[in-house]
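Each chain, letter by letter, is given below.
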Amino acid sequence: MTNLVTESKTGRLSLRLNSTMESVDEVEAAAEKLAADAGLDEDERFHVAMAAREAAVNAVLHGNEYDPAKRIAASFENTGAALVITIADQGQGLDPERLPDPRAPENLLRGTGRGIFLIRSFMDEVHFKQLHPGTELTLVKHLAAGRKG
Amino acid sequence: MALKITSREVAGVSVLDLSGRITLGEGSVQLREAIRGLIGKGTKIILLNMGDVNYIDSSGLGELVSAFTTAKNQSAEVKLLNLTKKVHDLLQLTKLYTVFDIYDDEASAIASFKK
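Residues numbered from 1 in each chain as written. Chains lettered and ligands numbered in written order. Predicted model: local features only at pLDDT ≥ 70, side-chain atom pairs only at ≥ 80, totals over all residues.

Asker: Would you mind going over the overall build of chain A in detail, with residue names and values included?
Answerer: From N to C terminus, chain A includes three helices and six strands. When its helices and strands are written in sequence order, chain A yields β-β-α-α-β-β-α-β-β. Computed over its C-alpha atoms, the radius of gyration of chain A comes to 15 Å, within 12% of the 15 Å expected for a compact globule of 149 residues. Oriented by its inertia axes, the alpha-carbon framework of chain A measures out at about 45 × 40 × 25 Å. The 149 residues of chain A split such that 38% are buried. (Helix = DSSP H or I, 4+ residues; strand = E, 2+ residues; numbered from the N terminus. Rg over C-alpha atoms; globule rule 2.2 N^0.38 Å. Buried ≥ 20, exposed ≤ 12 C-beta atoms within 10 Å, placed from the backbone.)

Here is the structure:
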């Protein structure tokens, strides 16, 4: 399936992508550009791009399980007050309340389980929505007053 | 930039010089194979020089942890050298800074294996 890119009149970029690592790179790049265009500093740009990448990895790897029949949907928007990134998959769904704390002593030596923690650490708001099927994450980074980019 | 790994030996310590990104996919697999290759050959002391690692994601962090545990299970040691600020901050944030022995200079890192 070919990827689809659309941009609305408000500048909201929407992507429908295949469940591949190339798509993860594309989401990361789009988030980096959104943050750069908004005038965020290097550390903030890194955090936003990384959070988006982690969400995309979750969608591709854990949600869609690299299934070529499933897509991920991502959108990127600067509302003036915030950067809003949404990433959705078509998988089994995710209960964020059941995710273990990767920093707990009993989990520290686990090889996985840090993605959502990093997303929550780097973004100001993180919202989960069950799509049945699938999960949509909304990542929000508040912008300082007067900064729109 | 994909992960590039070069290896050398200093005073009996296997040093892996890493450059690029350690992320899900090629980078993390390369690191895993390099570590396991060394341990499989009987190497007991491994130093990961991360001075040129400009990006690591959660999968990359997981790969570092796996390297640590794999080594420990084989009575080997893996230590870290020259963390960039980004990687340092990620290890602090995830509390992985408490897991690894981390050094800022190679001589001290090499010497630490002999204690």
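Asker: Kindly report on unusual backbone geometry, identifying the contributing residues and their values.
Answerer: For the peptide bond that leads from H132 of chain A to P133 of chain A, omega is 10°, which places it in the cis range. Within the chain, K95 of chain B stands out as a residue other than glycine whose phi angle is a positive 65°. Looking at where K95 of chain B falls in the secondary structure, it is placed in the loop between helix 3 (85–93) and strand 5 (102–103). For K95 of chain B, a count of 15 C-beta atoms within 10 Å corresponds to the partly exposed category.

Asker: Lay out the environment of R45 of chain A in plain terms, naming residues and giving numbers.
Answerer: Residue and element names in this part refer to chain A. Take R45: it is sitting in helix 2 (residues 42–63). By C-beta crowding, R45 is classed as partly exposed, having 18 other C-beta atoms within 10 Å. Distance in space between the C-alpha atoms of R45 and A31 is 8.2 Å, their sequence separation being 14 residues.

Asker: Now, about the sheet that holds strand 3 (residues 71–78) of chain A: what can you tell me, with residues and values included?
Answerer: In sheet architecture, strand pairing relies on hydrogen bonds along the backbone and comes in two forms, parallel and antiparallel. Residue and element names in this part refer to chain A. One open sheet accounts for six strands, arranged 1-2-3-4-6-5; its pairing is antiparallel. What marks the edges here is a single partner per strand, and that holds for strand 1 (4–7) and strand 5 (125–130). For this sheet, the mean inter-axis angle between neighbouring strands, taken without regard to orientation, is 10°. Its contacts with the sheet place helix 1 (residues 21–37) against strand 2 (13–18), strand 3 and strand 4 (82–88), and it is angled at close to 5° to strand 3. The strands touched by helix 2 are strand 3, strand 4 and strand 6 (135–142); relative to strand 4, the strand with the most contacts, the crossing angle is about 15°. (Pairing = 2+ DSSP bridges. Axes fitted to C-alpha atoms, helices over the stretch in contact; angles between N-to-C directions. Contact = placed C-beta atoms within 7 Å.)

Asker: Account for helix 1 (residues 26–40) of chain B, with residues named and values stated.
Answerer: Residues and elements named next belong to chain B. If you check helix 1, its first and last C-alpha atoms are 20 Å apart, about what 15 residues at 1.5 Å a residue would give, namely 21 Å. Turning to helix 1, the residues buried within the fold contact strand 1 (4–10), strand 2 (13–22), strand 3 (45–56), helix 2 (58–73) and strand 4 (77–81). Once helix 1 ends, the next one or two residues include G42, with phi positive near 95°. (Expected span 1.5 Å × (residues − 1).)

Asker: Any details on the sheet that holds strand 4 of chain B? Residues and values, ideally.
Answerer: Residue and element names in this part refer to chain B. The sheet built from five strands is open, its strands ordered 1-2-3-4-5 with mixed pairing. Looking at which strands have only one partner, the edges of the open sheet turn out to be strand 1 and strand 5. Here strand 2 runs beside strand 3; their pairing, made up of eight bridges, is parallel. The residue of strand 3 that forms the bridge with V15 is L47. Where helix 2 meets the sheet, it contacts strand 2, strand 3 and strand 4, and its direction lies at approximately 140° from that of strand 4.

Asker: With reference to specific residues and values, describe the packing of helix 1 of chain B against helix 2 of chain B.
Answerer: Residue and element names in this part refer to chain B. The geometry of helix 1 relative to helix 2 is characterised by a closest axis approach of 9 Å and an angle of 10° between their N-to-C directions. In terms of their interaxial angle, helix 1 and helix 2 are classed as roughly parallel. Along its contact with helix 1, which presents G27, S28, L31, R32, I35, R36 and I39, the element helix 2 presents S59, G60, E63, S66, A67, T70 and A71. In terms of residue class, the contact of helix 1 with helix 2 is made up of five nonpolar, six polar and three charged. (Parallel < 35°, antiparallel > 145°, perpendicular 65-115°, else oblique. Nonpolar A, V, L, I, M, F, W, Y, C, P; charged D, E, K, R; others polar.)

Asker: Describe the interface of chain A and chain B, and please don't skip the residues or the numbers.
Answerer: Across the contact, 17 residues belong to chain A and 14 residues belong to chain B. Those elements that provide at least two residues to the side of chain A that touches chain B are helix 2 and helix 3 (115–122) of chain A. Top contributing element to the side of chain A that touches chain B by residue count: helix 2 of chain A, with six residues.

Asker: Can you tell me about the pairing of strand 3 of chain A, naming the residues and giving the values?
Answerer: Residue and element names in this part refer to chain A. Bridge analysis of strand 2 against strand 3 gives six bridges, and the strand direction is antiparallel. Paired with L17 across the two strands is I72, which belongs to strand 3. Summarising the sheet, strand 3 and strand 4 pair through six bridges and their orientation is antiparallel. If you follow N78 over to strand 4, its bridge partner there is L83. Counted along the chain from strand 3 to the antiparallel partner strand 4, the turn is three residues long, and its residue G80 has a positive phi close to 100°.

Asker: Requested: an account of the nonpolar core, with residues and values cited.
Answerer: One finds A31, A51, A52, A56 and I87 of chain A to be the most contacted residues of the largest nonpolar core, which totals 37 residues. Those elements that provide at least two residues to this core are strand 2, helix 1, helix 2, strand 3, strand 4, helix 3 and strand 6 of chain A. For this core, the element with the most residues is helix 2 of chain A, which contributes eleven residues. Leaving out residues up to four positions away in the same chain, I87 of chain A has contacts with V27, A52, A55, A56, A59, I72, A74 and L137 of chain A. Core analysis: the second largest hydrophobic core is formed by 32 residues, I46, L61, F68 and L90 of chain B among them. (Core = buried A, V, L, I, M, F, W, Y, C linked by C-beta atoms within 7 Å.)

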